[in-house]
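Examining the three-dimensional arrangement
So the chains spell out like this:
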Amino acid sequence: DGQPVVLDVKGLSRPGQFEDISLSVRRGETLGITGLLGAGRTELALTLFGMLKPASGTIALEGKPVRFSSNRDAIAAGVAYLSEERLSLGLIQPQSIADNLVISSLDKILSGGLLSEDRKRSLVARWIADLGVKIGLQQDAISTLSGGNQQRVAIAKWLATDPKLLILDAPTVGVDVGARAGIFDIVARLAETGLAIILISDEVPEVYFNADRVLHMAQGRIVGSYDPRSASLSEIEGAVYA
């Protein structure tokens with residue numbers, strides 16, 4: 001727990017969606033947020049990512065207050081958001097694996113103001129190798145990949161922006177059971193490198209087994225906080241599904 005706080009949220013509210021949310025995430029920590037559909041989890045994530053504006057409350061990153069007027073501001077500040085709607089928001093199906101991967105980090109592959117194909121190739125190769133994505137060629141359409149491999153590319157797209165905070169909203173939706181473990185292996189490895197992670201899932205076991213702390217959201221509020229080392233899975237499931 002001696003790690004510095006990356007995200008500190010106090011009294012964040014957006015009437016009709018969530019109320020009085022206070023939470024913090026430290027470097028290398030994975031914070032799980034679970035709850036039933038309509039609990040306000042995704043709206044909270046979208047607010048942390050600058051896509052929705054809070055009515056009140058504060059967001060601080062590494063101790064500095066931030067106010068995002070768009071997701072561009074959030075990305076520039078080091079926040080990455082992997083949406084549940086991977087197929088509609090996260091990846092552009094007809095485009096190549098390479099283009100999908102670099103879309104959020106184009107500044108890293110510019111050379112003299114122009115896109116450097118060499119830099120692009122090496123950036124893509126690095127992340128494909130790092131996350132164990134099984135592909136044919138970088139220029140193949142992303143739609144040629146399985147759900148699990150598409151999700152790895154979607155994660156890589158955000159890691160290439162060098163984020164401080166990674167928000168994963170239902171990262172295993174549309175991913176087969178075999179590929180889920182691989183995604184959570186990546187999450188664990190990223191936390192070890194010091195990334196602060198928020199893992200949102202309505203499947204309690206996913207947050208229980210893959211997060212350091214679990215918050216239970218219901219009707220827009222945080223109604224419970226659990227430490228998976230001392231709370232049982234059935235205790236949290238009992239609260240969430242009660």
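Anyway, here's the lowdown on the structure attached to this text. (Residues numbered from 1 in each chain as written. Predicted model: local features only at pLDDT ≥ 70, side-chain atom pairs only at ≥ 80, totals over all residues. Heavy atoms only, no water.)

Position of Ser 116 relative to the elements: it lies in the loop between β8 (114-115) and α5 (117-130). The exposure class assigned to Ser 116 is buried, which follows from its relative accessible area of 14%. Apart from residues lying up to four places away in sequence, Ser 116 is in contact with Ile 109 and Ser 111. (Helix = DSSP H or I, 4+ residues; strand = E, 2+ residues; numbered from the N terminus. Buried < 20%, exposed > 50% of the residue type's maximum accessible area, 1.4 Å probe, protein only. Contact = heavy atoms within 4.5 Å.)

Side chains of Ile 92, Ile 103, Leu 106, Leu 110 and Leu 115 sit close together on the surface and give an oily, nonpolar patch of about 380 Å² of accessible area. Inspection of the secondary structure assignment puts Ile 92 in the loop between α3 (86-90) and α4 (97-102). Classification of Ile 92 by relative accessible area gives partly exposed; the value is 38%. (Patch = residues over 30% accessible without salt bridge, like charges linked within 9 Å, V, L, I, M, F, W, Y side chains within 5 Å. Areas by Shrake-Rupley, 256 points an atom, 1.4 Å probe, with all protein chains shown as cover. Salt bridge = Lys/Arg side-chain N within 4 Å of Asp/Glu carboxyl O.)

Our focus in this paragraph is the packing of aromatic side chains. Counted by the stated rule, this structure contains three aromatic pairs. Their ring planes at 40° and their centres at 5.5 Å tell us that Phe 49 and Tyr 81 sit as a pair that is tilted. Of this pair, Phe 49 sits in the loop between α1 (41-48) and β4 (56-61) while Tyr 81 sits in strand β6 (residues 79-82); the two residues are 32 residues apart in sequence, bridging distant segments of the chain. Both residues of the pair, Phe 49 and Tyr 81, count as buried. (Phe/Tyr/Trp six-rings, centres within 6.5 Å; stacked < 30°, edge-to-face > 60°.)

Under the 1.5 Å per step criterion, the end-to-end length of α5 is 20 Å for 14 residues, consistent within 8% with the ideal 20 Å. Three or more residues of α5 are buried, namely Lys 120, Leu 123, Val 124, Trp 127 and Ile 128. Projected down its long axis, α5 carries its buried residues within an arc of 125°, all on one side. Opposite its buried face, α5 presents the exposed residues Asp 118 and Ala 129, each directed more than 90 degrees away. (Expected span 1.5 Å × (residues − 1). Arc of directions from axis to C-beta.)

Turning our eyes to something else, we now look at the pattern of salt bridges. Applying the stated criterion to the full structure yields ten salt bridges. In this structure, Glu 29 engages Arg 213 in a salt bridge whose closest nitrogen and oxygen atoms are separated by 2.8 Å. Note that Glu 29 is positioned in the loop between β2 (18-26) and β3 (30-34) and Arg 213 in strand β11 (residues 213-218), a separation of 184 residues in sequence. Of the charged contacts in the structure, one is a salt bridge between Arg 189 and Asp 130, with a shortest N-O distance of 3.8 Å.

Non-glycine residue Glu 62 carries a positive phi angle of around 50°. Its location among the elements puts Glu 62 in the loop between β4 and β5 (64-66). A relative accessible area of 41% places Glu 62 in the partly exposed class. Here the phi dihedral of Gln 219 falls at roughly 50°; this positive angle occurs in a residue that is not glycine. Note that Gln 219 resides in the loop between β11 and β12 (221-226). Among the residues examined, Gln 219 registers a relative accessible area of 77% and is labelled exposed.

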